[in-house]
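# Architecture at a glance
The primary structure of each chain is shown beneath.
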Amino acid sequence: MQRRAFLQTGLAAGVMGMGGVTAAPHLLKLSPRTGLKGPIRLSSNENPLGIAPAARRAIIEGLVDANRYPQGSGRMIEALAAKHGVKPENIVLGAGSTEVLKMTVHALATPSGRLIVAEPTYEDGPWYAGALPVEVVKVPLRSDYSHDLDQMQARASAGTGTVLVYLCSPNNPTGTLTPSADIDAWIASAPDTMYFLVDEAYFDYVEDPRYWSAIRWVPERPNVVIARTFSKVYGMAGIRLGYGIAHEETAERLRRFRVRNNANHLALVAGMASLDEAGFVERSLDVNQRGKRILHECLEDLGLDYLPSHTNFVMHRITGDLKTYREMMLERGIRVGRPFPPMLTHSRLSIGLPAEMEQFAETLKALRKEGKV
Ligand SMILES: Cc1ncc(COP(=O)(O)O)c(C=O)c1O
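Residues numbered from 1 in each chain as written. Predicted model: local features only at pLDDT ≥ 70, side-chain atom pairs only at ≥ 80, totals over all residues.

Not every one of the 13 residues close to the ligand is listed here, only the nearest: Gly 96, Ser 97, Thr 98, Thr 229 and Ser 231. Looking at the shell around the ligand residue by residue, the classes come out as four nonpolar, eight polar and one charged. (Near = placed C-beta within 6 Å. Nonpolar A, V, L, I, M, F, W, Y, C, P; charged D, E, K, R; others polar.)

See the structure below:
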């Protein structure tokens, strides 16, 4: 098939696919971006802008080669190495950063080791440890919602065997960060046998000068792995592309646990185009800031406390029961975040487009008038 004819077919299929989406009858809101019916998704920390325009074009063009096994992982690895000032051998691609978390737990938390995590934090580390003889040690966050590094260190140093420490900063679901100087101090003093998995999924959203990447440890410390993703600021959550950055020895250990060809062809072409597209990251950050301002104003009007967020989501107080609150929101066409025990007096709300945030604010205020929040 000629490339042009294929592109037209691909485009037509895309449009038909969008029109074919059916919505549950009670979910009648229109998405301001797609015009489709369905709940507004403020639940999974996705980028409401969609993918970068150049990535969209690259996917449509890339469909021509979708019958072939992926070719572009070498180029992507080179591009990421250059972006981060490391060697290609330090980069491990994943189907989302989820696969990097899985590889790291499987490669480094065994045999019979311990995984030290905060509580609450992103659940995937413990989830992938679940099938292994790995003890998961949960250490509550401090009252300022930073990681309690002293307690984590005490728990990590007690006992024998392999130790993997998972540090998510900024942390999901709280949006709060743990000062990078404190993380650095621990890594600097830790034995080589203690491994660190530093999850920087929300790195691009942070403006706080107390925050920087842990990538600086990679050349000298084989016990540090950093996880990054194209799912958030690049808006590629549905396409699945992430990567780990680690010392070459450690990167090789992780690769043994990857699924071969894990970065698919369309993810690779979209990822390359996203890296090259000027201005998209800035637009993502700007939309996020505007949405967050609308949310903050609404929560302040209603006297509902919220945590300072360095991400594209905000953890805020609710009154009453979280399950009922989530159901009430869904009935009104808004999907909010899942429960994060033990923070069951809070709801995690992802930042959508400004129009979506206005709709959320109106809904919350209406619920307040009815005495329901
Ligand atoms: C902290 C954190 N890490 C990792 C992920 C997984 O992202 P992905 O697999 O889409 O890269 C998420 C997703 O929300 C996250 O919040």
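Omega for the peptide link from Thr 110 to Pro 111 comes to 0 degrees, which places this bond in the cis form. Within the secondary structure, Pro 111 sits in the loop between α4 (97-108) and β3 (114-119). Phi is positive for Ser 112, close to 50 degrees, though the residue is something other than glycine. Looking at the element boundaries, Ser 112 is found in the loop between α4 and β3. For Ser 112, a count of 12 C-beta atoms within 10 Å corresponds to the exposed category. (Helix = DSSP H or I, 4+ residues; strand = E, 2+ residues; numbered from the N terminus. Buried ≥ 20, exposed ≤ 12 C-beta atoms within 10 Å, placed from the backbone.)

A separate point is the pairing of strand β4 (residues 135-140). The pairing of β3 with β4 spans six bridges and is classified as parallel. Each residue of the ladder has a partner; that of Ala 118, found in β4, is Val 139. Since β3 and β4 lie parallel, the crossover through helix α5 (residues 124-129) that links them has a hand, and here it is right-handed. (Pairing = 2+ DSSP bridges. Right-handed = clockwise from strand over helix to strand, strands pointing away.)

Turning next to the domain arrangement of the protein chain. Splitting the protein chain by domain gives domain 1 (23-52 + 279-369) and domain 2 (58-276). Between the C-alpha centres of domain 1 and domain 2 the distance comes to 26 Å. On the domain 2 side, the residues contacting the 27 residues of domain 1 number 23 residues. Mapped onto the side of domain 1 that touches domain 2, the elements with two or more residues apiece are α10 (280-302) and β9 (313-317). If one sorts the elements of the side of domain 1 that touches domain 2 by residue count, α10 sits on top with five residues. Split into classes, the residues belonging to the side of domain 1 that touches domain 2 amount to 15 nonpolar, ten polar and two charged. (Domains from an automatic or database assignment. Contact = placed C-beta atoms within 7 Å.)

Further remarks concern helix α6 (residues 149-157). Among all positions in α6, only Leu 149, Met 152 and Ala 156 are buried. Buried residues in α6, looked at end-on, bunch into an arc of 60 degrees, giving them a common side. In α6, those exposed residues whose orientation departs by more than 90 degrees from the buried face are Asp 150, Ala 154 and Ser 157. Packed against the buried residues of α6 are β3, β4, β5 (163-168), α7 (180-189) and β6 (194-199). Gly 159 occupies a position one or two residues after α6 and carries a positive phi of about 90 degrees. (Arc of directions from axis to C-beta.)

With that settled, consider the packing of helix α3 (residues 73-84) against helix α9 (residues 265-276). Look at α3 against α9: their axes get within 10 Å of each other, and the N-to-C directions meet at 30 degrees. Here α9 runs roughly parallel to α3, going by the angle between their axes. Like other packed secondary-structure pairs, α3 and α9 cross with a definite hand, here left-handed. On α9, the residues that touch Ser 73, Arg 75, Met 76, Ala 79 and Lys 83 of α3 are Leu 268, Gly 271, Met 272 and Leu 275. (Axes fitted to C-alpha atoms, helices over the stretch in contact; angles between N-to-C directions. Parallel < 35°, antiparallel > 145°, perpendicular 65-115°, else oblique. Left-handed = near helix turned anticlockwise from the far one by under 90°.)

Take the nonpolar core next. A general feature of soluble globular proteins is that nonpolar side chains tend to end up buried together. Membership of the largest hydrophobic core comes to 73 residues, with the highest contact counts inside it found for Leu 164, Val 165 and Ala 270. Both domain 1 (23-52 + 279-369) and domain 2 (58-276) contribute no fewer than three residues apiece to this core. With sequence-adjacent residues up to four places away left out, Ala 270 is seen in contact with Ile 51, Ala 55, Ala 58, Ile 59, Met 236 and Ile 239. By size, the runner-up hydrophobic cluster in this structure holds 21 residues, among which are Ile 294, Ile 318, Val 336 and Met 357. (Core = buried A, V, L, I, M, F, W, Y, C linked by C-beta atoms within 7 Å.)

One open sheet holds the seven strands; their spatial order is β2-β8-β7-β6-β5-β3-β4, and the pairing between them is mixed. Each end of this open sheet is capped by a strand with a single partner; those strands are β2 (91-94) and β4. Averaged over all adjacent pairs, the angle separating strand axes in this sheet is 20 degrees, with direction ignored. Sheet analysis places β2 next to strand β8 (residues 242-246), joined by four bridges and oriented antiparallel. Of the residues in β8, the one forming a bridge with Ile 91 is Ile 245. Along the sheet face, α3 touches β2 and β8 and points at about 125 degrees away from the line of β2.

Further remarks concern α10. Side chains of residues three or four places apart in an α-helix project in the same direction, reflecting 3.6 residues per turn. For α10, which comprises 23 residues, the first-to-last C-alpha distance of 33 Å matches the rise-based estimate of 33 Å (1.5 Å per residue) to within 8%. Along α10, the residues that are buried comprise Phe 280, Ser 284, Asn 288, Gly 291, Lys 292, Ile 294, Leu 295 and Cys 298. Turning to α10, the residues buried within the fold contact α9, β9, β11 (346-350) and α12 (354-369). A positive phi of about 70 degrees marks Gly 303, the residue just after α10. (Expected span 1.5 Å × (residues − 1).)

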